[in-house]
Amino acid sequence: MKSHDINIRLAAADDAEELLRVYRPYVEETAVTFEITVPTAEEFRARIENILKKHPYLAAVSDHGITGYAYAAPFKGREAYDWAVETTIYVDREWHDCGIGTALYQELERWLSAQNILNLNACITYPNPDSIRFHRGFGYRDAARFTKCGYKLGAWHDVVWMEKILGRHKNPPKPVVPMEDLIRQMNAGR
Ligand SMILES: CC(C)(COP(=O)(O)OP(=O)(O)OC[C@H]1O[C@@H](n2cnc3c(N)ncnc32)[C@H](O)[C@@H]1OP(=O)(O)O)[C@@H](O)C(=O)NCCC(=O)NCCS
């Protein structure tokens with residue numbers, strides 16, 4: 001295992017090229033993501049900015065630069081889904097099993113709890129034993145499996161959805177706290 005100090009911070013649009021360096025091999029060489037064409041840095045910048053309007057987008061930074069990232073995105077567009085998100089995580093393949101994914105997901109959950117988000121859903125190409133084990137370890141459970149719903153690199157791929165319940169579903173629920181409010185509070189507390 002490589003030794004390193006990891007700092008988890010909010011990502012910024014200017015991180016786009018470094019995040020793409022992490023993401024690119026998964027697009028080009030695997031079916032871990034169903035994206036087939038590597039997005040441009042401009043497109044990636046726009047995605048980061050768009051996510052951060054509503055949810056956390058985090059980067060893991062070490063002496064070696066950015067080694068992983070994780071974010072949450074709306075699960076579905078309709079308002080009643082506001083308490084549910086889709087979680088996504090990518091760690092540089094050179095840096096697996098070093099605790100980076102764990103550090104990213106712990107921090108992601110801290111932000112999402114502070115937002116009063118209740119349901120975390122992860123979509124994982126099947127098979128992906130590393131990711132399934134990682135998510136199980138974080139308390140996600142199997143929720144659904146869809147058959148051959150993506151075609152990439154000459155093969156059809158199933159996906160599994162895993163879910164984690166992050167908080168109690170009270171009636172009525174606490175309102176979702178906008179990400180910009182949390183960022184303002186964080187900056188005020190500095
Ligand atoms: C799934 C993924 C995010 C995990 O990231 P990671 O940085 O390797 O995760 P961690 O290092 O925190 O944990 C992985 C394992 O290493 C172990 N580990 C972590 N830190 C450790 C440490 N300091 N000492 C010993 N073991 C450690 C963890 O317990 C875990 O063990 P497990 O797999 O038996 O549960 C990573 O494999 C990845 O990016 N995969 C490709 C992308 C992907 O599949 N994303 C999910 C789709 S949304």
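Up top is the structure.
All values derive from a computational prediction rather than experimental measurement.

Engineer: Before we go on, may I ask you to explain the environment of Asn119 in this structure?
Structural biologist: Structurally, Asn119 is set in strand β5 (residues 119-126). Spatially, the C-alpha atoms of Asn119 and Phe34 are 23 Å apart, while their sequence positions differ by 85 residues. Residues in contact with Asn119, not counting those within four places in the same chain, are Trp83, Ala84, Val85, Glu163, Lys164, Ile165 and His169.

Engineer: Please clarify how the site of the ligand should be interpreted in this entry.
Structural biologist: By nearness alone, 17 residues border the ligand, and Ile89, Gly99, Gly101, Thr102 and Arg133 come closest of all. Within the backbone of Cys98, a nitrogen or oxygen atom sits 3.1 Å from an oxygen atom of the ligand. Residue Asn128 places a side-chain N or O atom 2.9 Å away from an oxygen atom belonging to the ligand. In isolation the ligand offers 940 Å² of accessible surface; the protein chains occlude 73% of this area. Sorting the residues of the shell around the ligand by element identifies β4 (84-91), α3 (100-114) and α4 (129-137) as the ones contributing at least two each. Of the residues that constitute the shell around the ligand, the class distribution is 9 nonpolar, 6 polar and 2 charged.

Engineer: I tried to follow the nonpolar core on my own but got confused; where do I start?
Structural biologist: It is characteristic of soluble globular proteins that their nonpolar side chains tend to be buried jointly. By size, the foremost hydrophobic cluster in this structure holds 50 residues, and its most contacted members are Leu19, Phe44, Ile48, Tyr57, Tyr69 and Leu104. The contacts of Tyr57, once residues within four sequence positions are left out, are Arg9, Leu10, Ala11, Leu19, Phe44, Ile48, Ile51, Leu52, Tyr69, Ala70 and Tyr71.

Thresholds, definitions, all that
Residues numbered from 1 in each chain as written. Predicted model: local features only at pLDDT ≥ 70, side-chain atom pairs only at ≥ 80, totals over all residues. Heavy atoms only, no water. Helix = DSSP H or I, 4+ residues; strand = E, 2+ residues; numbered from the N terminus. Contact = heavy atoms within 4.5 Å. Near = heavy atom within 4 Å. Polar contact = N/O pair within 3.5 Å; in protein donor to acceptor, adjacent residues only side chain to side chain. Areas by Shrake-Rupley, 256 points an atom, 1.4 Å probe, with all protein chains shown as cover. Nonpolar A, V, L, I, M, F, W, Y, C, P; charged D, E, K, R; others polar. Core = buried A, V, L, I, M, F, W, Y, C linked by side-chain atoms within 4.5 Å. Buried < 20%, exposed > 50% of the residue type's maximum accessible area, 1.4 Å probe, protein only.

In short, geometric facts, not functional conclusions.
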